[in-house]
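Read off the chains here:
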Amino acid sequence: MLSYQHAYHAGNFADVHKHLTLFAVIDHLLRKESPVTYMDTHAGRGLYPLAAEETARLGEYRKGFARLWQARTHVADDPLLGDWLAAVGRVQARDGTLDHYPGSPWWLSDRLRASDRLMLFELHPGEHGHLTRQALPDNVQRIHGDGLEGLVKCLPVATPRLCVLVDPSYERKAEYGEVVDAVLKAMRRARHAVVLVWYPLLPAGRHRELLEGLREGGLRKIWRSELRLREPQEGERGMVGSGMLVINPPWGLDTRLEAAMRQVTPLLGATCRHHGDWWVGE
Ligand code: SAM
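These numbers were taken from a predicted model, which means no experiment stands behind them.

J.: Provide a residue-level description of the site of the ligand, including the pertinent values.
T.: Around the ligand there are 22 residues in total, and His42, Gly44, Gly103, Ser104 and His124 lie nearest to it. Every element with two or more residues in the shell around the ligand is listed here: strand 4 (117-122) and helix 8 (147-153). Split by residue class, the shell around the ligand holds 7 nonpolar, 9 polar and 6 charged.

Rendered as structure tokens:
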């Protein structure tokens, strides 16, 4: 049963971390002309009006993206953050007012070139319905189905390069293992793919199964980025941080993101820290 809906969390601190990393990866890939196939295995709705009932109810974006938006004139000196914030500015209905937050399908399609391809998988019928109503370019395919199965089935792709975002909600504990299986299968069929995997940092530390599984599966070149809001308190069960793995990261991605995160963390709270390192080296 699928109950998670990203609209309740759109623009929160984890989205800031995930989408800034995704934006930076796309920016690096666009430095070369050869076409890219992008896949988003867990797409969600694509664009989130902040006034929508679901998003307004928890208002998580207020402690997440909205803090960067309010500080945009101060943090825009960082080139990556400046470009990212300018891109978010383009989806706003009214100049200078934050009324929409873009999800991964928007980020992936915004700078899609005619020679690139984008496949968006979404299993939830309602969320897929929202996605089909988004205005997206012709070279975007929206698939109502399982993204992990779809990823493996669609490989190899026709373009020389491949970039995949794997962003489940981890509602089920089994999803950590399912992600490991799918990513290992995909990397056997597309060794040079750039793959981004998001995971939550929970007090229970369930993400360790994911990290160990990818390392034990023999993958090399995995960069890890973790944004931790705070240390968990006694008995706490909710998300205290956000993690991203980038398999085969473009050269220079790590230093660019570290610099941007130095500006981001103080805005997200006094105890917020970012840590980047190689989970598995070359
Ligand atoms: N990637 C989106 C973004 O950054 O804007 C957010 C995605 S949200 C965290 C996870 C989404 O995956 C939900 O919309 C959920 O319905 C969908 N989902 C859950 N299981 C799935 C599966 N096996 N295949 C495809 N989509 C799935």
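J.: Before we move on, can you summarise unusual backbone geometry with the specific residues and values?
T.: With omega at 0°, the peptide bond leading from leucine 155 into proline 156 counts as cis. Structurally, the position occupied by proline 156 is in the loop between helix 8 and strand 6 (161-166). Unlike most non-glycine residues, tyrosine 170 shows phi in positive territory, near 55°. Of note in this structure, asparagine 248 is not a glycine but carries a positive phi near 55°. Along the chain, asparagine 248 falls in the loop between strand 9 (241-247) and helix 11 (253-268). Of the residues examined, asparagine 248 has 18 C-beta atoms within 10 Å and is grouped as partly exposed.

J.: Can you break down the pairing of strand 1 (residues 36-40) residue by residue, with the values?
T.: For strand 1, the tally of buried residues reaches 5 of 5 residues, placing the bulk of the element in the interior. On strand 1, burial covers both faces: Val36, Tyr38 and Asp40 on one face and Thr37 and Met39 on the other are all buried. Note that strand 1 and strand 6 share 5 bridges and pair parallel. Opposite valine 36, over in strand 6, you have arginine 161 as the bridge partner. Here strand 1 pairs with strand 4 via 4 bridges, running parallel. Bridging across to strand 4, methionine 39 finds its partner in methionine 119.

So, how was this worked out
Residues numbered from 1 in each chain as written. Predicted model: local features only at pLDDT ≥ 70, side-chain atom pairs only at ≥ 80, totals over all residues. Near = placed C-beta within 6 Å. Helix = DSSP H or I, 4+ residues; strand = E, 2+ residues; numbered from the N terminus. Nonpolar A, V, L, I, M, F, W, Y, C, P; charged D, E, K, R; others polar. Buried ≥ 20, exposed ≤ 12 C-beta atoms within 10 Å, placed from the backbone. Pairing = 2+ DSSP bridges.

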